[in-house]
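Letter by letter, the chains look like this.
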Amino acid sequence: ELRRSSRRRGLLASGWQRLFGSSSSSSADDADGAVQQQSQRKLARSLSAGSTAVTNLLEADKLWQQGFSGKGIKVGVFDTGIREGHPHMRHIKERTNWTHQQSLSDGLGHGSFVAGVIGSQDTTCPGFAPDVELYTFKVFTDDQISYTSWFLDA
């Protein structure tokens, strides 16, 4: 178990290094490099500690503290729809279906997931913009079929 855990940390570290680049920098960029390295370590610690809320990992609370919560913003989600009466989202303004299915339901859960990442108000896993107004357009069927015309019509 210890070997597997240390290997996982090593894979995470190498993955973050690939994503965010090396923390080595020129002398002119030493301060920026140190800040970046500190941020990378904090994010890696959060991941290895098992934190699951992406908003925690990416420090969305800093934006929320500055008053950025999505209030007054309208967002369209073109996906598999969203479950009616979803308990994590209160600002769903419109749900429309542009597919050949006779249902607005989200049989796959993907559209509900995407909408949740954006506007969930669940305290255990909040969205990035919990006060946003969501407009959902079902343009994928539960069989993962979609046509360009459905997107254009929506």
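Below is a short write-up of the structure.

Rules used in this analysis
- Residues numbered from 1 in each chain as written.
- Predicted model: local features only at pLDDT ≥ 70, side-chain atom pairs only at ≥ 80, totals over all residues.
- Heavy atoms only, no water.
- Helix = DSSP H or I, 4+ residues; strand = E, 2+ residues; numbered from the N terminus.
- Buried < 20%, exposed > 50% of the residue type's maximum accessible area, 1.4 Å probe, protein only.
- Contact = heavy atoms within 4.5 Å.
- Salt bridge = Lys/Arg side-chain N within 4 Å of Asp/Glu carboxyl O.

## Structural notes on the overall build of the protein chain
Point 1. Along its length, the protein chain carries six helices and three strands.
Point 2. Taken from the N to the C terminus, the helices and strands of the protein chain come in the order α-α-α-α-β-β-α-β-α.
Point 3. Going through the 154 residues of the protein chain one by one, you find that 28% of them count as buried.
Point 4. Sequence-distant contacts in the protein chain: of pairs separated by 6 or more residues, those separated by 24 or more amount to 69%.

## Here's the deal with the pattern of salt bridges
Point 1. Tallied over the full model, the rule gives three salt bridges.
Point 2. Two residues, K62 and E59, come together in a salt bridge whose shortest N-O distance is 3.0 Å.
Point 3. By relative accessible area, which is 21% here, E59 ends up partly exposed.
Point 4. The partner of D142 in a salt bridge is K138, with the nearest N and O atoms 3.4 Å apart.

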